[in-house]
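# A closer look at the structure
The residues making up each chain are set out below.
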Amino acid sequence: MNIAILSVSKKGKILSSKLKSLLSKDPTIITVDTYHKNIKNNIDNIFIDNEDKTLKYDAIIGIMATGILIRSIAKKIKNKAIDPAILAMDDNGKFTISLLSGHLGRANELALKISKLINSEPVITTATDINNKIGIDSLSNKYYWEIINKNEILEFNKAILDEKNIKIFLNNDENSNVRYIRDLNDFLTNKNKNTVEIIDLKDNEMSINNIDNIFISSTITNSVYNSNTKSNQDEYNNMYKDNYFDIFANFNNHYLFFKQKKLVVGIGSRADIKEKNVLNAIKLAMHNLKLPLGRIDAIATVEIKSNEEGILKTAKHLKTPLKIVSLNEIRRLNNKTISHSDFVKNKFNIPGVAEPAALIIANKNENNSKLIHKK
């Protein structure tokens, strides 16, 4: 996560510096930038950077009165699908308020993280969270699923609150590979009166074609076209191009469609690295991300490490494909969030291995990739 912290007062600036120091130690926080005063100009610049491309900042924390923050961002926000997380804090750090994009933007998650770091009171108002239930968008965020028809999120979350039975179908075709079903069930079991059921179509020898394909097509059409926007039409076209979705949820006459985002673990190492060291490093990273090992789609490294026994054995142990990138691919990569190693730079003329290798493999056949864990 990339975070911008804005402050207006002297005390706010001190808290901003403290937060930056604490958050920067978290391996799941990639960058933290601080801005002081000139709120209008800073907000303008932040949102200009966020237009028409991957967000420069996933979250914006305003250490100021909520009224000032709301008025400053009011004309900048567009919709829950693309807006960054917005949090508000007081100068004394007494309250950390999840203000906008609590689920999709992970504002709730960040508010809880900050509250633990500085012993503040988290303020979260989303209905599923305060009732100890998992919102369908929170579930998709946890496991890094992209929601295709986001306009159905509200209906599903209302159904979860009303404790209606919801079925989530996984592995809808032979190319799908959802391997963390036990973790999914364990996670849902911990929620209050969970009514979400996980169904593995491979175990049931079924496919999406067995679930009344005509009805699903009709449901998608009505759902996606209800706002008649070009982006929604594109979503509909993408869903049926190359079997775009591989997870879907259903209750009554409502369907929600998901595509797993590609999660790649990059590995760089000294010569003769042991398998246990590689495996322990991966386990630690996935623990930090609160994800099971089965969520890993690929392991990536550079060509000079393609025969490194410890890496090869780890990929085999995890039953995960090992992908190799070239030195030139890394040299061509233009990404300002990756960290730099002087040793690797001097020896191979590249900034590093683990982060760039992961970004390159994750980006193939996709428009965007981003770091979610530092090396």
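Let us look at the structure shown here. (Residues numbered from 1 in each chain as written. Predicted model: local features only at pLDDT ≥ 70, side-chain atom pairs only at ≥ 80, totals over all residues. Heavy atoms only, no water.)

## Quick look at the environment of valine 123
- You can see valine 123 is positioned in strand E6 (residues 121-123).
- With near-sequence residues (within four places) excluded, valine 123 lies in contact with Phe95, Thr96, Ile97 and Ser98. (Helix = DSSP H or I, 4+ residues; strand = E, 2+ residues; numbered from the N terminus. Contact = heavy atoms within 4.5 Å.)

## Re the sheet that holds strand E12 (residues 264-266)
- Pairing is parallel across the open sheet formed by three strands, whose spatial order is E12-E13-E14. The open sheet has two free edges, formed respectively by E12 and strand E14 (322-325), since each of these has just one partner strand. On average, adjacent strands in this sheet sit at an angle of 30° to one another, irrespective of strand direction.
- Here strand E13 (residues 298-302) pairs with E14 via four bridges, running parallel. Counted as the bridge partner of valine 302 is valine 325 from E14.
- Along the sheet face, helix H12 (residues 309-318) touches E13 and E14 and points at about 170° away from the line of E13. (Pairing = 2+ DSSP bridges. Axes fitted to C-alpha atoms, helices over the stretch in contact; angles between N-to-C directions.)

## Re unusual backbone geometry
- One non-glycine residue, serine 101, adopts positive backbone phi at about 60°.
- Relative to the elements of secondary structure, serine 101 occurs in the loop between strand E5 (95-100) and helix H4 (107-118).
- Overall, serine 101 belongs to the buried group, its relative accessible area being 11%.
- With a phi close to 45°, asparagine 252 is a non-glycine residue in the positive phi region.
- Mapped onto the secondary structure, asparagine 252 falls in the loop between strand E10 (247-251) and strand E11 (254-260).
- Under the relative-accessibility criterion, asparagine 252 is labelled exposed at 56%. (Buried < 20%, exposed > 50% of the residue type's maximum accessible area, 1.4 Å probe, protein only.)

## Considering helix H7 (residues 153-161)
- Buried residues of H7: Ile153, Phe156, Asn157, Ala159 and Ile160, and no others. All buried residues of H7 project into a common sector of 155° when viewed along the axis, lining one side.
- Structurally, H7 contributes buried residues whose contacts are with helix H5 (127-130), helix H6 (136-142), strand E7 (145-147), strand E8 (166-170), E10 and E11. (Arc of directions from axis to C-beta.)

## Let's talk about the side chain of glutamine 260
- Secondary-structure assignment places glutamine 260 in strand E11.
- Look at glutamine 260 and you get buried, because its relative accessible area is 12%.
- In terms of polar contacts, glutamine 260 uses its side chain to reach the side chain of tyrosine 180, at 2.5 Å.
- What glutamine 260 contacts, discounting residues up to four positions off in sequence, is Tyr144, Trp145, Asn177, Val178, Tyr180, Asp246, Ile247 and Arg295. (Polar contact = N/O pair within 3.5 Å; in protein donor to acceptor, adjacent residues only side chain to side chain.)

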